[in-house]
Amino acid sequence: MEKFTKLTAIVAPMDRANVDTDAIIPKQFLKSIQRTGFGVNLFDEWRYEDVGEPGKDNSVRPLRKDFVLNQPRYQGAKILLARENFGCGSSREHAPWALKDYGFDVIIAPSFADIFFNNSFKNGILPIVLDADLVSSLFNEVFANPGYQLTVDLASHQMIKPSGETLDFEVDAFRRHCLLNGLDDIGLTLQHQSDIETFEATHKAKNPWLFATE
Amino acid sequence: MSAKTLYDKLWDSHVVRQEDDGTALIYIDRQLLHEVTSPQAFEGLRLANRKPWRIDANLATPDHNVPTTAYHSVEDIVDPISRIQVKTLDANAKEFGITEFGIGDIRQGIVHVVGPEEGITLPGTTLVCGDSHTATHGALGALAHGVGTSEVEHVLATQCLIQKKMKNMLVKVNGQLQPGVGPKDVVLAIIGKIGTAGGNGHAIEFGGQVFQDMSIEGRMTVCNMAIEAGARVGLVAVDQKTIDYVEGRPFAPKGNQWQAAVEAWQDLKSDEDAHFDKVVELEGSAIEPQVSWGTSPEMVVSVNDCVPDPAQEADAVKADGIRRALSYMGLKAGMLISDIPVDYIFIGSCTNSRIEDLRQAAEVLKGQKVASSVEQALIVPGSGLVKQQAEAEGLDKIFVEAGFEWRNPGCSMCLAMNADRLPSGKHCASTSNRNFEGRQGAGGRTHLVSPQMAAAAAVAGHFIDVRQLISTNQ
Ligand code: SF4
């Protein structure tokens, strides 16, 4: 997995609550058997005038000018500012794949849906939960200042505003460790192989019906 | 020993390792695989040269992309990209030696219908699937999590999931339901009350008289939509109904093992004085048939209510959400729900495509006709076996005579990854679980309802309280 340590980037504001994973990446794009290439179809229905289909040439599709990511001032954004319950709905990991592929490394919101939150970490995206009032004031600052950037420092779990003001955020220690070092979960778990085998033997003795009889 | 909830018990009996920071490695007994969220997981195994930890713990079936019109083999899938995805599942199952109910197998169907039907879902187990509606299986007293593709790969490779224990929430529905009000109405009413984030971070146990009286299939409908209330896990305590449901299913324990299993399952309920971090209570008799009007499952009211007015919402973000939803749905604030015309009917999905759902729809449709204003009415059974059972009972004839199309099993218009799509601007009375923008087709307008209410809307051409229709029928 890719490491995440520190980043300074433009912030794009996604000013609506309950943004679901169907909106983040519509289902027609889930037919791909790859992990990459979803970025051009991120928020497809909100972003383009026409209906997107896999295989369409996205570079010639008409854009919805009023959609936030189509506005010139937010080009190159790597930090997404969002509202409550971001990433709700389907468990599709294609949602963080699409966000990452588009270029987002950080998402800031007052709350996230559980599965999305989990999936983000596994793909090198840092989801930051921040108090709703702080999120609201960030929205105001982003709207008021074109080119608004934040610095996110995972090691010190701090965000630094253009004014120099800092905001602390919390991250689970295990996830922080994995992100900072780009660690792969499976490799980590397999270090405990003997624990798993021991558990399995006891579990099998108690619940033999859960295991096929060879 | 302190009192435990059902969730505590299931959790405790599967912890392989507990870390100091609260994360734990939990053992997974079963994994269900489908074509959409598994290809990248198998690819990951191949790239890292890893093998599945336990082949017999997995079962695969294609569902999201399969056509629901007549077909015989995977080659009949017209969309080449869908075909590749289904073929990829076939190839992966074969390569890794995993049992698959493929296209053409009578047991093929929606993963969450197939698991319980085959006895793969068992009380007291942990089960995962790369699909958020995995909570369905909690109806049988199993700890069932929806997971992402990285976790699918993780479970394949290690038979474990890295998890933090969730909090406990109890949703209690007391008393009795009115006739004509079913499990779908109950769960929609719960979501309407607690909101789509109401269960975030919690495992929800559904308790109270209403769930004790409810059938196992009804409990599945309720647990299925726990995720729409924000909870990854939904649970109902094991009782005699659970055991009767499981007995004799193909993958259920047999003989001596059956006796031992039944004994082990007796304790799968929350202790009397167990602590819940959050408790919500509803009165069963106060629940009316529900219809969602907006683009989030919490945007739901009784069929006898009106569409809400954003001007009366104090919270600015919420008012804005209502305005957006009304504009997308093409509805006016304050209009009666029963004045919303329906153009499409979809009875199906992992929420409501089991035999009891079909029987309930058939009861309303018997001797009736779909209104001429309805452009298409689909019934899509959840599995080949549900279809077979319905046909044995003659339900298919009732549906076809009423003007419904009787289809082959799959996810179908629940998310429209196959050819079944809701056209832009059309209103659909749907028994599925999500009414997000574009969910059933770009621009489509979904209204979530129970199978009875979908059938009633089909006959009336607009939403109508099914109790009214039943009383005029008699
Ligand atoms: S029926 Fe719908 S919700 Fe259920 S698994 Fe299929 S697509 Fe998902």
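Rules of the game
Residues numbered from 1 in each chain as written. Chains lettered and ligands numbered in written order. Predicted model: local features only at pLDDT ≥ 70, side-chain atom pairs only at ≥ 80, totals over all residues. Heavy atoms only, no water. Helix = DSSP H or I, 4+ residues; strand = E, 2+ residues; numbered from the N terminus. Buried < 20%, exposed > 50% of the residue type's maximum accessible area, 1.4 Å probe, protein only. Contact = heavy atoms within 4.5 Å. Areas by Shrake-Rupley, 256 points an atom, 1.4 Å probe, with all protein chains shown as cover. Lys, Arg positive; Asp, Glu negative; His and termini not counted. Charge placed at Lys NZ, Arg CZ, Asp CG, Glu CD. Buried area = accessible area lost by both parts, 1.4 Å probe. Salt bridge = Lys/Arg side-chain N within 4 Å of Asp/Glu carboxyl O. Polar contact = N/O pair within 3.5 Å; in protein donor to acceptor, adjacent residues only side chain to side chain. Core = buried A, V, L, I, M, F, W, Y, C linked by side-chain atoms within 4.5 Å. Pairing = 2+ DSSP bridges. Axes fitted to C-alpha atoms, helices over the stretch in contact; angles between N-to-C directions. Phe/Tyr/Trp six-rings, centres within 6.5 Å; stacked < 30°, edge-to-face > 60°. Near = heavy atom within 4 Å. Nonpolar A, V, L, I, M, F, W, Y, C, P; charged D, E, K, R; others polar. Disulfide = S-S within 2.5 Å. pLDDT = per-residue confidence, 0-100. Parallel < 35°, antiparallel > 145°, perpendicular 65-115°, else oblique. Left-handed = near helix turned anticlockwise from the far one by under 90°.

### Some points on the overall build of chain A
Each helix and strand in chain A was counted, giving 8 helices and 7 strands. Counting across all 214 residues of chain A, residues that qualify as buried make up 55%. Across chain A, every contact between residues at least 6 apart in sequence was considered, and the portion connecting residues at least 24 apart equals 64%. Counting only carbon and sulfur atoms, one obtains 51% of the accessible surface of chain A, whose full area is about 8800 Å². Charge-centre separation for chain A: the mean point of 22 positive side chains lies 4 Å from the mean point of 30 negative side chains.

### Some points on the interface of chain A and chain B
Chain A puts 56 residues into the contact, and the matching count from chain B is 77 residues. For the pair chain A and chain B, the two sides together bury roughly 5300 Å², of which 57% comes from carbon and sulfur. At the surface where chain A touches chain B, the tally comes to 8 salt bridges. Applying the counting rule to chain A against chain B returns 35 residue pairs in polar contact (both at pLDDT 80 or more).

### Remarks on the side chain of A:Asn41
All names here are of chain A. Mapped onto the elements of the fold, Asn41 is located in the loop between helix H1 (21-24) and helix H2 (44-47). Judged by its relative accessible area of 7%, Asn41 falls in the buried class. Within polar-contact distance, the side chain of Asn41 engages the side chain of Asp44 at 2.8 Å. Not counting residues up to four positions away in its chain, the partners in contact with Asn41 are Ile24, Ile25, Pro26, Phe29, Arg47, Asn58 and Arg61.

### Concerning the nonpolar core
In terms of nonpolar packing, the biggest core is built from 112 residues, with A:Phe43, A:Phe86, A:Leu99, A:Leu126, B:Ile345 and B:Phe404 touching the most fellow members. Among the elements that make up this core, the one with the highest residue count is helix H15 (residues 451-460) of chain B (7 residues). Grouped together as the second largest cluster of nonpolar side chains are 84 residues, A:Phe199, B:Leu156, B:Ile216 and B:Val300 included.

### Thoughts on the sheet that holds strand E2 (residues 79-82) of chain A
Residues and elements named next belong to chain A. The sheet built from 7 strands is open, its strands ordered E4-E3-E2-E1-E5-E6-E7 with mixed pairing. What marks the edges here is a single partner per strand, and that holds for strand E4 (126-129) and strand E7 (166-168). The mean inter-strand angle of the sheet, taken between neighbouring strand axes irrespective of direction, is 30 degrees. Examined bridge by bridge, strand E1 (residues 6-14) and E2 share 4 bridges and lie parallel to one another. Residue pairing for E2: Met14 is matched across the bridge by Ala82. Packed onto the sheet, helix H5 (residues 132-144) meets E1, E2, strand E3 (106-109), strand E5 (149-153) and E7 and runs at close to 120 degrees relative to E2.

### Some thoughts on unusual backbone geometry
Residues and elements named next belong to chain B. With a phi close to 65 degrees, Gln159 is a non-glycine residue in the positive phi region. For Ala416, which is not a glycine, the phi torsion comes out positive at approximately 55 degrees. One can find Ala416 in the loop between strand E17 (405-406) and strand E18 (427-430). Judged by relative accessible area, which is 3%, Ala416 ranks as buried.

### Quick word on helix H4 (residues 114-121) of chain A
Of all 8 residues making up H4(A), 6 are buried, and the element is well covered by its neighbours. Within the span of H4(A), buried status applies to A:Ile115, A:Phe116, A:Asn118, A:Asn119, A:Ser120 and A:Phe121.

### What about the pairing of strand E8 (residues 160-164) of chain B?
All names here are of chain B. Of all 5 residues in E8, 4 are buried, a share of seventy percent or more. Of the strand pairs in this sheet, strand E2 (residues 23-27) and E8 are connected by 5 bridges, and their pairing is antiparallel. Its bridge partner lying in E8, Ala24 is registered against Gln163.

### Observations regarding the packing of aromatic side chains
Residues and elements named next belong to chain A. Evaluation of the coordinates by the stated rule reveals 19 aromatic pairs over all chains. Between Trp46 and Phe67, the ring centres sit 6.4 Å apart and the planes meet at 55 degrees, which makes this aromatic pair tilted. A residue pair is termed long-range when its members are at least 10 positions apart, and Trp46 in helix H2 and Phe67 in the loop between H2 and E2 qualify at 21 residues. Owing to a relative accessible area of 9%, Phe67 belongs among the buried residues under this scheme. Taken together, the aromatic side chains of Phe86, Phe112, Phe116, Phe117 and Phe121 make up a single cluster linked through ring pairs.

### What about the site of the ligand?
Around the ligand, the neighbouring residues are B:His64, B:His112, B:Asp131, B:His133, B:Ser349, B:Cys350, B:Cys411, B:Cys414, B:Leu415, B:Asn433 and B:Arg439. Along the lines of polarity and charge, the residues of the shell around the ligand split into 4 nonpolar, 5 polar and 2 charged.

### Comments concerning the side chain of B:Thr431
Residue and element names in this part refer to chain B. Within the fold, Thr431 resides in the loop between E18 and strand E19 (445-448). One polar contact links the side chain of Thr431 to the main-chain carbonyl oxygen of Gly348, over a distance of 2.8 Å. What Thr431 contacts, discounting residues up to four positions off in sequence, is Lys184, Phe346, Ile347, Gly348, Ser349, Thr351, Asn352, Val449, Ser450, Pro451 and Ala454.

### Observations regarding the pattern of salt bridges
Per the counting criterion, the structure on display carries 38 salt bridges over all chains. A single salt-bridge network, built from bridges that share partners, covers A:Asp44, A:Asp50, A:Lys56 and A:Arg61.

### Some remarks on H15(B)
Here H15(B) lies mainly inside the structure; 9 of its 10 residues are buried. Three or more residues of H15(B) are buried, namely B:Pro451, B:Gln452, B:Met453, B:Ala454, B:Ala455, B:Ala456, B:Ala457, B:Ala458 and B:Val459.

### Regarding the environment of B:Ala429
Residue and element names in this part refer to chain B. Here Ala429 shows up in strand E18. Judged by its relative accessible area of 0%, Ala429 falls in the buried class. As a C-alpha pair, Ala429 and Arg107 span 322 residues in sequence and 28 Å in three-dimensional space. Setting aside its immediate chain neighbours within four residues, Ala429 contacts Val342, Tyr344, Ile345, Phe346, His447, Val449, Ala454, Ala457 and Phe463.

### What to know about the state of the cysteines
Here, the word disulfide means a covalent bond between the sulfur atoms of two cysteines. This structure, assessed with the given rule, holds 0 disulfides over all chains. Looking at B:Cys428, it has no disulfide partner, and the nearest cysteine sulfur is the one in B:Cys414, 10 Å off.

### Some details on the confidence of the model for chain B
In regions of low pLDDT, the predicted coordinates are not meant to be interpreted in detail. When the pLDDT values of chain B are averaged, the result is 96; 99% of them are 70 or greater. Both scores are given for the predicted complex: the pTM is 0.92, the ipTM 0.93.

### What about the packing of helix H12 (residues 355-365) of chain B against helix H13 (residues 384-392) of chain B?
Residues and elements named next belong to chain B. At a minimum axis separation of 10 Å, H12 and H13 run at an interaxial angle of 40 degrees. Considering the angle they form, H12 stands oblique to H13. Two packed elements cross with a definite hand, and for H12 against H13 that hand is right-handed. Contacts between H12 and H13 involve Ile355, Leu358 and Arg359 on the former and, on the latter, Val386, Gln389 and Ala390.

### What about the environment of B:Ser150?
With respect to the element layout, B:Ser150 can be found in helix H5 (residues 149-158). Classification of B:Ser150 as buried rests on a relative accessible area of 13%. Distance from B:Ser150 to B:Gly44, taken between C-alpha atoms, is 8.6 Å for residues 106 residues apart in sequence. Residue contacts for B:Ser150: discarding those within four places in its chain leaves A:Arg35, A:Glu93, A:Lys122 and A:Asn123.

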